[in-house]
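Architecture at a glance
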Amino acid sequence: MTDLDPNPFGPDQPCFGCSPDHPIGFHLRFAREGDEVVTRFTPGPQYQGPPGIMHGGLVTTLADEVAAWAVIGLLDRFGFTASIQVRLHRPMRIGVEVEGRGSILRHSSRTATIAVRLSQGGVDALTGELTFAILDQAAAERLLGGPLPEAWRRFSRAST
Ligand SMILES: CCCCCCCCCC(=O)SCCNC(=O)CCNC(=O)[C@H](O)C(C)(C)COP(=O)(O)OP(=O)(O)OC[C@H]1O[C@@H](n2cnc3c(N)ncnc32)[C@H](O)[C@@H]1OP(=O)(O)O
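What counts and how
Residues numbered from 1 in each chain as written. Predicted model: local features only at pLDDT ≥ 70, side-chain atom pairs only at ≥ 80, totals over all residues. Heavy atoms only, no water. Helix = DSSP H or I, 4+ residues; strand = E, 2+ residues; numbered from the N terminus. Rg over C-alpha atoms; globule rule 2.2 N^0.38 Å. Buried < 20%, exposed > 50% of the residue type's maximum accessible area, 1.4 Å probe, protein only. Contact = heavy atoms within 4.5 Å. Areas by Shrake-Rupley, 256 points an atom, 1.4 Å probe, with all protein chains shown as cover. Lys, Arg positive; Asp, Glu negative; His and termini not counted. Charge placed at Lys NZ, Arg CZ, Asp CG, Glu CD. UniProt positions renumbered as here; feature names shortened; annotations may be inferred. Near = heavy atom within 4 Å. Polar contact = N/O pair within 3.5 Å; in protein donor to acceptor, adjacent residues only side chain to side chain. Nonpolar A, V, L, I, M, F, W, Y, C, P; charged D, E, K, R; others polar. Expected span 1.5 Å × (residues − 1). Pairing = 2+ DSSP bridges.

Attention now goes to the overall build of the protein chain. Secondary structure summary: the protein chain contains two helices and seven strands in total. Its helices and strands taken in sequence order, the protein chain reads β-β-β-α-β-β-β-β-α from the N to the C terminus. A compact globule built from 160 residues should have a C-alpha radius of gyration of about 15 Å, and the protein chain, at 15 Å, falls within 12% of that. With the principal axes as the frame, the protein chain shows a C-alpha extent of 50 × 35 × 30 Å. Counting the 160 residues in the protein chain, one finds 44% classified as buried. Contacts in the protein chain between residues at least 24 apart in sequence constitute 62% of all its contacts with a sequence separation of at least 6. Total accessible area on the protein chain stands at roughly 8,300 Å², and carbon and sulfur atoms take up 51% of it. For the protein chain, the separation between the mean place of its 15 positive charges and that of its 17 negative charges on side chains is 6 Å.

So, in structure tokens, the structure goes:
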């Protein structure tokens, strides 16, 4: 297992899922294990929906982050989430460690589709497929509505 650089986008990146400084975020870190990225995370009570159960939207956010890091860690690109298809098979329990795994199902230079599995105690709680658009710098700047920070540029695809 190889730990991935937790901060390839520089110290000021604001991501809810992985910024180490986010006041209410997940603070996720990732490792590469063969053809997968892996993270471990224990949801706290601030992430509840029903009592004792993680909010389904936040479970999906966790899946989105795992998939985004599969694009970063396995393809060395940044992808913007374009579609999310998930099934929540079991409740995600607060206070119990979640293992998240992401792998590449298929990819081109312009898109990547990622398989994600979130489990607790070895039992799947979420499985899904998420597709990401890998943009060139100009398209990423149109999406952001401003300049792409320097540290992000190497994760864009080449312009065609
Ligand atoms: C700091 C570190 C952070 C790391 C983690 C980040 C975690 C989460 C990542 C995000 O949250 S990103 C923010 C949430 N996502 C967005 O705001 C994206 C909103 N959607 C868009 O801006 C556009 O719809 C999008 C850029 C995704 C696609 O725009 P276009 O359709 O104009 O792009 P284009 O036409 O160039 O299409 C690019 C490719 O994506 C494909 N595509 C577009 N939408 C798709 C879709 N919904 N499903 C599947 N494929 C799709 C499209 O077919 C095409 O494939 P091909 O080139 O192979 O033909």
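Don't stop here, the text continues.
With that out of the way, let us pick up the UniProt feature "domain: Thioesterase" (unreviewed entry) in the protein chain. The UniProt record marks residues 52–121 with the feature "domain: Thioesterase" (unreviewed entry), using the residue numbering of this structure. Across residues 52–121, helical content stands at 29% and strand content at 41%; the span's end C-alpha atoms are separated by 16 Å.

This part takes up the site of the ligand. Lining the immediate environment of the ligand, one finds 19 residues, of which Gln 13, Thr 81, Ala 82, Arg 110 and Leu 143 sit closest. The contact in question runs from an oxygen atom of the ligand to an N or O atom on the side chain of Arg 110, over 2.3 Å. Notes on the ligand: free accessible area 1,200 Å², of which the protein chains cover 55%. Of all the elements in the fold, those that place two or more residues in the shell around the ligand are helix H1 (56–75), strand E4 (80–88) and strand E7 (123–133). Residue composition of the shell around the ligand, by class: 11 nonpolar, five polar and three charged.

If you check H1, its first and last C-alpha atoms are 28 Å apart, about what 20 residues at 1.5 Å a residue would give, namely 28 Å. Asp 76 sits one or two positions beyond H1 and adopts a positive phi of about 60 degrees.

Hydrogen bonding along the main chain pairs the strands of a sheet, whether they run parallel or antiparallel. With antiparallel pairing, the seven strands of this open sheet are ordered in space as E1-E2-E3-E5-E6-E7-E4. Of all strands in the sheet, those with a lone pairing partner are strand E1 (2–3) and E4, marking the two edges.

A few words now on the pairing of E7. Sheet topology note: the E4/E7 ladder contains eight bridges and is antiparallel. Note on E7: the bridge partner recorded for Leu 88 is Leu 126. Bridge analysis of strand E6 (residues 111–120) against E7 gives 10 bridges, and the strand direction is antiparallel. Residue pairing in the sheet places Leu 118 in a bridge with Leu 126 of E7. Connecting E6 to the antiparallel partner E7 that follows it, the hairpin turn spans two residues, and Gly 121 within it adopts a positive phi of roughly 60 degrees.

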